Amino acid sequence: MNKRETEKLMRQREKLEKELVRLKEMSVYEEAYAAYNNICGIDEAGRGPLAGPVVAGAVILCKDTEILYLNDSKKLSEKKREALYDEIMEKAVSVGIGIVPPEKIDEINILQATYEAMRMAIGNLKAEPDILLNDAVTIPGIDIRQVPIVKGDAKSISIAAASIIAKVTRDNIMKDYDRAIPGYGFAKHKGYGTKAHIESLKMLGPSPIHRRTFIKNFM
């Protein structure tokens, strides 16, 4: 092995060691509640967009599972999120997804719709969670112990995994909508209120998946 190869190997080892330390720091809540068997992370995607559903993810990871580069979905590239999505789906004890459509969001408001999506995600788990680690919120109507963690998707591997599941699921839904309802650019902006989205909304009018309570200021 020459000097360049040796230096490359050393850099790779240093990178791996740094990542393992980061994951250890993101496992403090999982370690704190290690007495619970099935620790479930909960997070959502899509509270802010003008169009499309709100999606929640619920993920129970094995205690000895190692998934490198798990992080808040917003800090990851689309390619990395999709790769981690596949790995989470393969390695998790159970994954649950909840989806609440835009018309329901208009009916009950986005906060209640988010709670509903989270309850649906928990209900779709194949394994019973013993404790929930939630990104910031306490979900009404749930008897399981809950631990709300502010910015939890950056502090807990379970919540980070849930954030990736929710984000990738919702992004794929919006890509499907883009094919079904062309002209609005849903595949690009995922329904968020970008300048291009607002311009297309004013030009074309609302689509069937726009949240009427969100777009009234633009129409």
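A brief report on the enclosed structure follows.

Criteria and cut-off values
- Residues numbered from 1 in each chain as written.
- Predicted model: local features only at pLDDT ≥ 70, side-chain atom pairs only at ≥ 80, totals over all residues.
- Heavy atoms only, no water.
- Helix = DSSP H or I, 4+ residues; strand = E, 2+ residues; numbered from the N terminus.
- Contact = heavy atoms within 4.5 Å.
- Areas by Shrake-Rupley, 256 points an atom, 1.4 Å probe, with all protein chains shown as cover.
- Lys, Arg positive; Asp, Glu negative; His and termini not counted.
- Charge placed at Lys NZ, Arg CZ, Asp CG, Glu CD.
- 1 Å grid on protein atoms, 1.4 Å probe; cavity = no way out; pocket = protein on both sides within 12 Å on 5 of 7 lines; lining within 4 Å.
- Points joined across faces, edges and corners; volume = space filled by probe spheres on them.
- Nonpolar A, V, L, I, M, F, W, Y, C, P; charged D, E, K, R; others polar.
- Buried < 20%, exposed > 50% of the residue type's maximum accessible area, 1.4 Å probe, protein only.
- Pairing = 2+ DSSP bridges.
- Polar contact = N/O pair within 3.5 Å; in protein donor to acceptor, adjacent residues only side chain to side chain.
- Axes fitted to C-alpha atoms, helices over the stretch in contact; angles between N-to-C directions.

1. Considering the overall build of the chain
Next, step 1: A tally of helices and strands in the chain yields 9 helices and 5 strands.
Next, step 2: Reading the chain from its N terminus to its C terminus gives the helix and strand order α-α-β-β-α-β-α-α-β-β-α-α-α-α.
Next, step 3: Dimensions of the chain along its principal axes, counting C-alpha atoms only, are 60 × 50 × 25 Å.
Next, step 4: At a minimum sequence separation of 6, the contacts of the chain that also span at least 24 residues come to 66%.
Next, step 5: Put simply, the chain shows about 11,500 Å² of open surface, and 53% of that area lies on carbon and sulfur atoms.
Next, step 6: One way to put it: in the chain the 34 positive side-chain charges average out to a point 6 Å from where the 31 negative ones average out.

2. Here's the deal with the layout of surface pockets
Next, step 1: When its volume is computed, the largest pocket comes out at roughly 400 Å³.
Next, step 2: Contributing to the lining of the largest pocket are 18 residues, with Ser27, Cys62, Lys63, Thr65 and Ile157 lying nearest its centre.
Next, step 3: Going through the elements one at a time, α1 (3-25), α2 (28-32) and α6 (157-180) are the ones with two or more residues in the lining of the largest pocket.
Next, step 4: If you tally residues by element for the lining of the largest pocket, the top one is α1, at 3 residues.
Next, step 5: Class assignment of the residues belonging to the lining of the largest pocket gives a composition of 9 nonpolar, 3 polar and 6 charged.
Next, step 6: Taken together, 17 residues make up the lining of the second largest pocket; nearest its centre are Glu44, Ala45, Gly46, Lys74 and Tyr192.
Next, step 7: Looking at the lining of the second largest pocket, the elements that each hand over two or more residues are β1 (39-45) and α6.
Next, step 8: The element that contributes the greatest number of residues to the lining of the second largest pocket is α6, accounting for 4 residues.
Next, step 9: Tallied by class, the residues present in the lining of the second largest pocket amount to 2 nonpolar, 4 polar and 11 charged.

3. Side note on the pairing of strand β3 (residues 94-100)
Next, step 1: Burial of β3 is extensive: 5 of the 7 residues sit out of reach of the surface.
Next, step 2: Pairing geometry for strand β2 (residues 54-60) and β3, over 7 bridges, is antiparallel. Counted as the bridge partner of Ala56 is Gly98 from β3.

4. Side note on the side chain of Ser156
Next, step 1: In this fold, Ser156 is placed in the loop between β5 (145-149) and α6.
Next, step 2: At 2.6 Å, the side chain of Ser156 forms a polar contact with the side chain of Glu30.
Next, step 3: Within the structure, the side chain of Ser156 is placed 3.2 Å from the backbone nitrogen of Ser158, a separation counted as a polar contact.

5. What about the sheet that holds β3?
Next, step 1: On the basis of which strands lie adjacent, the open sheet formed by 5 strands has the order β3-β2-β1-β4-β5 and mixed pairing. The two strands at the open ends of the sheet, each matched to only one other strand, are β3 and β5. The average angle at which neighbouring strand axes cross in this sheet is 20°, direction not considered.
Next, step 2: Of the strand pairs in this sheet, β1 and strand β4 (residues 131-135) are connected by 4 bridges, and their pairing is parallel. The partner of Gly41 across the bridge, within β4, is Leu133.
Next, step 3: Taken strand by strand, α6 contacts β1, β2, β3, β4 and β5, and its axis lies near 35° from that of β1.

6. Topic: the environment of Ile122
Next, step 1: The residue Ile122 is located in helix α5 (residues 110-123) in this model.
Next, step 2: On the basis of relative accessibility, which here comes to 9%, the residue Ile122 falls in the buried class.
Next, step 3: Each C-alpha atom of the pair Ile122 and Val59 lies 8.7 Å from the other, and the pair is 63 residues apart in sequence.
Next, step 4: For Ile122, the residues in contact, after removing those within four places along its chain, are Ile42, Ala58, Pro129, Leu132, Ile139, Ile142 and Ile144.

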